[in-house]
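Summary of the model geometry
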Amino acid sequence: MRWWLVVATLLLLLVVVTVSDTQARQRPRNHDSETRRGKRKRDGQGHVRTRAGHSRPLKIRLIPGPSIPVDPGVNQGNTLFLDSYKSIHEQKSSYNVIPVPIYPPEPVTPLTQEEIQRILWREEEEHREEEERLRKKDEARRQKRKQRKEKAEKQRQIVEERRRAEEEALRLQVEREEEEWRRHLEEEEERKRQEEKRRQDEEDRRQKEAAEREARERERRLEEERWRQEEMLREQLLALGEEEEEEPQEEVEDLQERVEELQEKVEELQEEVEEAQEEVEEEEEVWLRGDVFEMLPKEPEEPEEPDLLPTPIPRPPAATEYELKEVEAEVEEVEEAEEEEEEEEEGEERKVVIVESSRGLPPGCSISDVTLTCDNAKLTYFPPLSIPELKSLSLEGNTISSIPAEAFNGIPNLEWINLKKNKLTSAGIGAKAFKGLKMLRRLYLDGNLLETVPADLPPTLQELKINENRLTEMDKNSFQDLSSLVILELEGNLLSEGNVNPLAFAPLHQLSYLRLGRNHFRTIPQGLPPALLELYLENNLIEEISETVFNQTHSLNIISLRHNRLDETRIAPLAWINHRNLESIDLSHNDLYLVPSYLPRSLVHLVLVGNKIERIPGFVFAHMEPGLEYLYLSYNKLDGEAIEPESFFGTYQSMVELCLDHNQLVSVPSGINEMTNLHFLRLNDNKIRSISDEGICDPNYSGDSTLVAVRLENNYIDPQKVSPTAFSCVRSSSSVVIKPQKTK
């Protein structure tokens, strides 16, 4: 296209030159025109130069007129121009070409071949430059597109990593809860065992005491019998002494034999008494090996009879008090040694405290680098400080009730302030006390007595925690100018939908993490920040989820509504079904009787532990993309008719972990054998009595096995009747927990 423009330009120039020469020959020249032309300078191409040195082209005007004869001798070399001129003259009415110069006309020199070539090169160079510019523009556009794709991919990876981290955290949380529940059961069993052991020990002690009393009673009877025998023997001997002369010698010998027999019996009785004493002493020794301080007092013994009863049974060793003193002395020695070690280990810290006390720090405070710590230092006032380089200040666990307006004047560069567990009140915080902290990023006010959010917080604040206070109001100015706030925690207060202004969260443009647990909300608060990613509303009184409450929070990723009063009929169908980023919902410990319908399409984690769920409707998960991966339905009321054949439709390719433990299932639910990506399956603590060959594993599936662990303990299964092929899809047979089982 540009080449034809160049050719047309050249042709036009040739026409101008030819006409100018013709008119110049026919027009008479006068002296004035010659004089004026002589005063002007001309360039080499026939253009008139102006005063500034630039050439101006001639103006050409075409007017109708008679045909102009063409001299064959003029411009014979320009045959192309003449032919074109003739053709134009023949086809249309004749026009006189009259040049109208701005200045008097002058002859124009035709362009040379070199000049034409130069013009062509210049046009070609401009064309190449234009192409290069377009190429660079396209390259820049491709680079920007690539950067956008890389940024989007990086963002997706970050979201994916966060999702995996949340999955892991959720899994660990469920495991912790199960572990706590298991530990609670174990503690309960241990308590029962201890109670049973205590009762058994009590019974043993009573038996031992009865045995002791019986032994003492037997010993007493034996002693009485021996005493009577000896008394009878003495009486008989006295009678013999008096009647010695009258009785014959044979009777004396008989009496002597009887005395010997009685002496033998007395010796036998004495041996039995000694054996009984040894048994009692052994029992007492065994008892004394236990806890001496819990031993019951002995029953009072019967009074001794002088010179007749045996030596009394020894009491518990008199050395008990001495042994206790020795134990106490050993404990004191150990404590003194530990105190000496602690003093040696904390010597340097004490030196630091002493040195800093010399700088004016309160007792109990220590400073390290740019961090000042005064935790549990029994401070009753905010300490006056003047350390400009200080970055972190911790005053946790004191009884500070007020913060003066000039409290931070000497420490203006603080980035982190910890004022947890004090006695701060809203009236005790001075006006604009925090206003001068231009570097403050984190402020912790947990465990105080605040009724409102402190005013005039610095706009640099990124993390604010006011848990466990007495907040009763949040107006539209509570978070004014806190556009950089990312994390906000307000758990354990007195907030409700009636005292939280819908515009309270409007200034929080970057808030992504919000905790409002342990308050008094009956509905989800209005006006949630659009940038919110995680919302925690555990332990409230929430009864419904309206249709518009999440309309502005399109980036929401996690919602936790544990321990509320929700049931499936109070969740609006359009509350969250169209959210494309909502991946995790925790509805455990509510009043649900069915698995809720119209769950988000993007849902990955669903926690429904501790409800009253009796049925999983068919196709309830079918609309989800890419599909539900983690489903926790532990501690519900699912029975034999609770799960339909289509209940798990839509999760066959995505389900990774399925927990149906602590329910009332009588068989393995249908559809589990079709889950090709299942890793963990929990069916323990149900009423399952048998496992079919196709209940868990699909014999027709030829892909790689993914099932890692299966738990089936505490059911009514006879392990001897389970087919070996029932767990053919489990990677390791040791990963199948099937014992112990309940007895019928």
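Looking only at helices and strands, the protein chain features 7 helices and 21 strands. By the burial criterion, 34% of the 744 residues in the protein chain qualify as buried. The contacts of the protein chain with a sequence gap of at least 6 include a subset with a gap of at least 24, amounting to 57%. Working note: accessible area of the protein chain is about 45500 Å², and carbon and sulfur atoms make up 49% of it.

Per the counting criterion, the structure on display carries 9 aromatic pairs. On the numbers, 6.2 Å between centres and 85° between planes, the contact of Phe649 with Tyr652 is edge-to-face. Phe649 sits in the partly exposed class, given a relative accessible area of 40%. The class for Tyr652 is buried, based on a relative accessible area of 13%.

This brings us to the state of the cysteines. All told, the structure shown has 2 disulfides when counted by the stated rule. A sulfur-sulfur separation of 2.1 Å characterises the disulfide bridge that pairs Cys365 with Cys374. Negative torsions about the S-S bond denote left-handed disulfides, and the value of about 125° found for Cys365 with Cys374 makes this one right-handed. Taking the relative accessible area as the measure of exposure, Cys365 reaches 0% and is therefore buried.

Here the focus is the side chain of Asn611. When you line up the elements, Asn611 lands in the loop between β16 (605-607) and β17 (630-632). Taking relative accessible area as the criterion, Asn611 reaches 6% and is therefore assigned buried. Reaching out from Asn611, the side chain makes a polar contact with the backbone nitrogen of Asp591 at a distance of 3.5 Å. Beyond its immediate sequence surroundings of up to four residues, Asn611 is in contact with Leu587, Ser588, His589, Asn590, Asp591, Leu592, Tyr635 and Asn636.

So, on to the confidence of the model for the protein chain. Averaged over all residues, the pLDDT of the protein chain is 78; the fraction at 70 or higher stands at 72%. In the model, residues 347-358 has pLDDT below 50 throughout and makes 8 contacts with residues more than four positions away in sequence or in other chains.

This paragraph deals with the nonpolar core. One finds Trp576, Phe621 and Phe727 to be the most contacted residues of the largest nonpolar core, which totals 114 residues. In this structure, Trp576 is in contact with Ile545, Phe550, Ile559, Leu561, Ile571, Leu582, Ile585, Tyr598, Leu599 and Pro600, ignoring residues within four places of it in sequence. Counting residues in hydrophobic clusters, the runner-up holds 9 residues, among them Leu170, Val604, Val609 and Tyr630.

Let us now look at unusual backbone geometry. Between Glu625 and the following residue, Pro626, the backbone shows a cis peptide bond with an omega angle of 5°. In this fold, Pro626 is placed in the loop between β16 and β17. Positioned with a positive phi, Asp369 is a non-glycine residue whose angle comes to about 60°. Inspection of the secondary structure assignment puts Asp369 in the loop between β5 (366-368) and β6 (371-373). A positive phi angle, close to 55°, is found at Asp456, a residue other than glycine. Counting through the fold element by element, Asp456 comes out in the loop between β9 (442-444) and β10 (463-465). Residue Asp456 is classed as partly exposed on the basis of its relative accessible area, which comes to 33%.

In this fold, Asn663 is placed in the loop between β18 (657-659) and β19 (680-682). Among the polar contacts made by the side chain of Asn663, one reaches the main-chain carbonyl oxygen of Leu633 at a distance of 3.0 Å. Apart from the residues lying within four places of it in its own chain, the contact partners of Asn663 are Leu633, Ser634, Tyr635, Asn636, Lys637, Leu638, Asp685 and Asn686.

Mapped onto the secondary structure, Thr523 falls in the loop between β12 (513-515) and β13 (534-536). Overall, Thr523 belongs to the partly exposed group, its relative accessible area being 25%. Considered as a pair, Thr523 and Glu497 are 26 residues apart in the sequence and their alpha carbons are 6.7 Å apart. Beyond its immediate sequence surroundings of up to four residues, Thr523 is in contact with Glu497, Ile542 and Glu544.

As for its position among the elements, Glu544 is in the loop between β13 and β14 (558-560). When neighbours within four sequence positions are excluded, Glu544 is seen to be in contact with Arg522, Thr523, Ile524, Leu566 and Arg570. Among the polar contacts listed, one links the side chain of Glu544 to the side chain of Arg570, at a separation of 3.4 Å.

Here we come to the pattern of salt bridges. All chains considered together, the criterion is met by 39 salt bridges. Notably, a salt bridge pairs Arg206 with Glu203, separated by 2.5 Å at the nearest N-O pair. Of this pair, Arg206 and Glu203 are both found in helix α4 (residues 113-242), 3 residues apart, which corresponds to roughly one turn of the helix. Looking at Arg206, the relative accessible area reads 41%, which means it is partly exposed. A salt bridge links Glu657 to Arg682, with the nearest nitrogen and oxygen atoms 3.9 Å apart.

All right, on to a positive patch on the surface then. Together, Lys144, Arg145, Arg148 and Lys149 make up a positively charged patch on the protein surface. Here Arg145 lies in helix α4. Since its relative accessible area comes to 36%, Arg145 is described here as partly exposed.

Reading the values: the criteria
Residues numbered from 1 in each chain as written. Predicted model: local features only at pLDDT ≥ 70, side-chain atom pairs only at ≥ 80, totals over all residues. Heavy atoms only, no water. Helix = DSSP H or I, 4+ residues; strand = E, 2+ residues; numbered from the N terminus. Buried < 20%, exposed > 50% of the residue type's maximum accessible area, 1.4 Å probe, protein only. Contact = heavy atoms within 4.5 Å. Areas by Shrake-Rupley, 256 points an atom, 1.4 Å probe, with all protein chains shown as cover. Phe/Tyr/Trp six-rings, centres within 6.5 Å; stacked < 30°, edge-to-face > 60°. Disulfide = S-S within 2.5 Å. Polar contact = N/O pair within 3.5 Å; in protein donor to acceptor, adjacent residues only side chain to side chain. pLDDT = per-residue confidence, 0-100. Core = buried A, V, L, I, M, F, W, Y, C linked by side-chain atoms within 4.5 Å. Salt bridge = Lys/Arg side-chain N within 4 Å of Asp/Glu carboxyl O. Patch = residues over 30% accessible without salt bridge, like charges linked within 9 Å, V, L, I, M, F, W, Y side chains within 5 Å. Lys, Arg positive; Asp, Glu negative; His and termini not counted. Charge placed at Lys NZ, Arg CZ, Asp CG, Glu CD.

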